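Structural description and commentary
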Amino acid sequence: VSDGRRPDLSRLPPDVLALLRRAGELGAERGEPVWLVGGPVRDLCLGASNVDVDLAVEGDGPGFARALAGVLGGSAVVHDRFLTATIRTADLAEVDVVTARAETYERPGALPRVERADIGEDLRRRDFTVNAMAVALAPARFGELLDPLGGVADLAAERLRILHPRSFLDDPTRILRLARFAGRFGFDPDPETAVRLREALAAGALDTISADRLRHEVFLMFAEPEPAAGFARLAGWGALHAVVPGARPGAAFAEQVALANRVVGFSEKGAGWDPAVAGLVLLSRGASDAEREAAGRRLNLGPAARAALALAGRLDERTAAVQAAGRPSEIHRAVRDLPYEVQIAVLVSLKDPEARERMMEYLRRGRGTRPALDGNALQAMGYAPGPRLGAILEALHEAKLDGLAETPAAEAAWVRARFRLPDGAPVS
Ligand code: CTP
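Worth saying up front: this structure is predicted, and the values here are computed from it rather than measured.

**With respect to the layout of surface pockets**
- Its volume calculated, the largest pocket comes out at about 1,600 Å³.
- Lining of the largest pocket is provided by 50 residues; of these, Asp54, Val98, Arg125, Arg126 and Arg177 occupy positions nearest its centre.
- For the lining of the largest pocket, the secondary structure elements donating two or more residues are helix H1 (14–30), helix H2 (39–45), strand E2 (53–57), strand E4 (84–88), strand E5 (95–99), strand E6 (101–104), helix H7 (173–185) and helix H9 (211–222).
- A class-by-class count of the residues in the lining of the largest pocket yields 21 nonpolar, 9 polar and 20 charged.

Written out as structure tokens, the structure is:
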């Protein structure tokens, strides 16, 4: 079945287009039709010029993925239980491969049972019509759109429409996906979908989502360029507190959380912190301690994220302290005990651009600055060990932050001038 329309693949980067052709040829050689499917097809229809590569194979997805990885000089990580694989190569983004499948749900919220099926069935098991389209990659039909459920019409009408009445009950994470896509694209649920949404919410569908899946969805929401749009949809449906207990997006939340996502780019990722945690802290600013603990439990957050969340109530006070701070050492005193995510939340909560710039500079450089001299070096200079040595080191750290002691020699001179050693005898 095809309506014969062709999304414009020619705008794709040449290496991505070549990859799609190669995948289609390989599928033809193996007798397994291959399709570009889901999000990338939606995005192409919306005019995107670069998209993720998500492939569906009518046949053996993992086997196809291994063969394609061989052709591309990459490697495939296979998830046999789900009949899926991810291909990694040196120079292309990841390629996700699924075996075209039908899914059956044994109980609401559980993971589905998966069986091989053709592409038509594979599209029918998906969440929304706009995500249930495919583009043929087989050489004979390369570029042809498969849209049996009316995705193109719904894109044009800016509508998110489920494929069958039980969709939200089968997979309640789709409620969060609905909010996320509605927020991202500014689309609305079609009337029937809105009715089924309300029924599912009234039936407590969100409560059947496991903590780990819920956290995954919430973190995906925070990864959106404008996360507040999705949270606003949930709030509008009266569903926000079932997702993040105590969440209260204030007037400034949208601007702050979007800024936090942009700011995150300046520091290295994977350094043991998560931008979504900064978002959760901002979202929970007005929550009570008990509500924030409930959010930590509902989302099964790790200890570091819970510790960050527990400090959300101090955001206003610390933001005011940083606003009042002039020197880097004063900023340091105001935020040094906070985890990085909370410091980011403070940064984006500052209204004054100059204060923001100073805080940004602290996060970029000051935060990682340490004096060259340590306790041993100070003892070698004649200072006695003990609590006073700690105070000297902290004072030196602040002097260093304020640019008063740039080199090791300047540090030593600064310490000697500030903390005099009486006639060579150690200061005690
Ligand atoms: N899908 C679904 N139900 C879910 C999750 C996913 O039907 N609960 C289907 C949709 O067809 C979706 C595809 O699987 O398009 C891929 O999922 P995902 O990568 O999460 O969605 P994308 O649409 O690609 O989203 P994004 O643009 O955020 O990458």
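Next, the rest of the story.
**Notes on the packing of aromatic side chains**
- For the structure on display, the rule yields 6 aromatic pairs.
- Ring centres of Phe128 and Phe181 lie 6.4 Å apart, and the angle between their planes is 80°; on these two criteria the pair is classed as edge-to-face. Placement of Phe128 in the loop between helix H4 (119–124) and strand E8 (134–136) and of Phe181 in helix H7 is noted, with a sequence separation of 53 residues between them. The pair formed by Phe128 and Phe181 is uniform in burial state, with each residue classed as buried.
- Geometrically, the ring pair formed by Phe181 and Phe185 is stacked, given 6.3 Å between the ring centres and 10° between the ring planes. Within this pair, Phe181 and its partner Phe185 are both found in helix H7, separated by 4 residues, close to a single helical turn.
- Linked through ring pairs, Phe128, Phe181, Phe185 and Phe187 together constitute an aromatic cluster.

**A closer look at the site of the ligand**
- Every one of the 15 residues lining the ligand counts as a neighbour, but Arg42, Asp127, Asp171, Arg177 and Arg184 are closest to it.
- Gly39 is positioned such that a nitrogen or oxygen atom in its backbone is 3.3 Å from an oxygen atom of the ligand.
- Applying the majority rule of atoms within 2 Å of the grid points places the ligand in the largest pocket.
- For the shell around the ligand, the secondary structure elements donating two or more residues are H2 and H7.
- Residues belonging to the shell around the ligand are distributed by class as follows: 1 nonpolar, 4 polar and 10 charged.

**Concerning the packing of H7 against H9**
- Where H7 contacts H9, the axes come no closer than 10 Å and their chain directions differ by 5°. Comparing their axes, H9 and H7 come out roughly parallel. Along the contact surface, H7 presents Thr173, Leu176, Arg177, Ala179 and Arg180, while H9 presents Arg213, Leu214, Glu217, Leu220 and Met221.

**Section: unusual backbone geometry**
- For Leu83, which is not glycine, the phi dihedral falls at a positive 55°.
- Mapped onto the elements, Leu83 comes out in the loop between strand E3 (75–79) and E4.
- Unlike most non-glycine residues, Asn300 shows phi in positive territory, near 45°.

**Digging into the nonpolar core**
- Counting 103 residues, the largest nonpolar core has Leu55 and Met359 as its most contacted members.
- Core analysis: the second largest hydrophobic core is formed by 14 residues, Leu396, Ala405, Val415 and Phe419 among them.

**Thoughts on the pattern of salt bridges**
- Counting across every chain of the model gives 38 salt bridges.
- Residues Asp122 and Arg125 are paired through a salt bridge, measuring 3.3 Å at the closest nitrogen-oxygen approach. Taken as a pair, Asp122 and Arg125 share a single burial class, namely buried.
- With a shortest N-O distance of 3.0 Å, Asp188 and Arg233 are connected by a salt bridge. Separated by 45 residues along the polypeptide, Asp188 in strand E11 (residues 188–189) and Arg233 in helix H10 (residues 227–236) bring together distant segments of the chain.
- A single network of salt bridges, built from pairs that share partners, joins Arg101, Glu103, Asp122, Arg125 and Arg126.

**Comments concerning the sheet that holds E3**
- The strand order across the open sheet built from 7 strands is E3-E4-E5-E2-E1-E8-E9, with neighbouring strands paired in mixed fashion. Both edges of this open sheet fall to E3 and strand E9 (145–146), since each of them pairs with a single strand only.
- In this sheet, E9 lies alongside E8 in antiparallel orientation, the contact comprising 2 bridges. What sits directly across from Val135, in E9, is Leu145.
- Contacting strand E1 (34–37), E2 and E5, H1 runs over the sheet at an angle of about 10° to E2.
- Docked against the sheet, helix H3 (residues 61–72) engages E1, E2, E3, E4 and E5, running at close to 10° with respect to E4.

**Thoughts on helix H22 (residues 408–418)**
- Of the positions making up H22, those classed as buried are Glu411, Ala412, Trp414 and Val415. Projected down its long axis, H22 carries its buried residues within an arc of 160°, all on one side. Seen from the buried face of H22, the exposed residues on the opposite side, beyond 90 degrees, are Ala409 and Ala417.

The rules we used
- Residues numbered from 1 in each chain as written.
- Predicted model: local features only at pLDDT ≥ 70, side-chain atom pairs only at ≥ 80, totals over all residues.
- Heavy atoms only, no water.
- 1 Å grid on protein atoms, 1.4 Å probe; cavity = no way out; pocket = protein on both sides within 12 Å on 5 of 7 lines; lining within 4 Å.
- Points joined across faces, edges and corners; volume = space filled by probe spheres on them.
- Helix = DSSP H or I, 4+ residues; strand = E, 2+ residues; numbered from the N terminus.
- Nonpolar A, V, L, I, M, F, W, Y, C, P; charged D, E, K, R; others polar.
- Phe/Tyr/Trp six-rings, centres within 6.5 Å; stacked < 30°, edge-to-face > 60°.
- Buried < 20%, exposed > 50% of the residue type's maximum accessible area, 1.4 Å probe, protein only.
- Near = heavy atom within 4 Å.
- Polar contact = N/O pair within 3.5 Å; in protein donor to acceptor, adjacent residues only side chain to side chain.
- Sits in = over half its atoms within 2 Å of the grid points.
- Axes fitted to C-alpha atoms, helices over the stretch in contact; angles between N-to-C directions.
- Parallel < 35°, antiparallel > 145°, perpendicular 65-115°, else oblique.
- Contact = heavy atoms within 4.5 Å.
- Core = buried A, V, L, I, M, F, W, Y, C linked by side-chain atoms within 4.5 Å.
- Salt bridge = Lys/Arg side-chain N within 4 Å of Asp/Glu carboxyl O.
- Pairing = 2+ DSSP bridges.
- Arc of directions from axis to C-beta.

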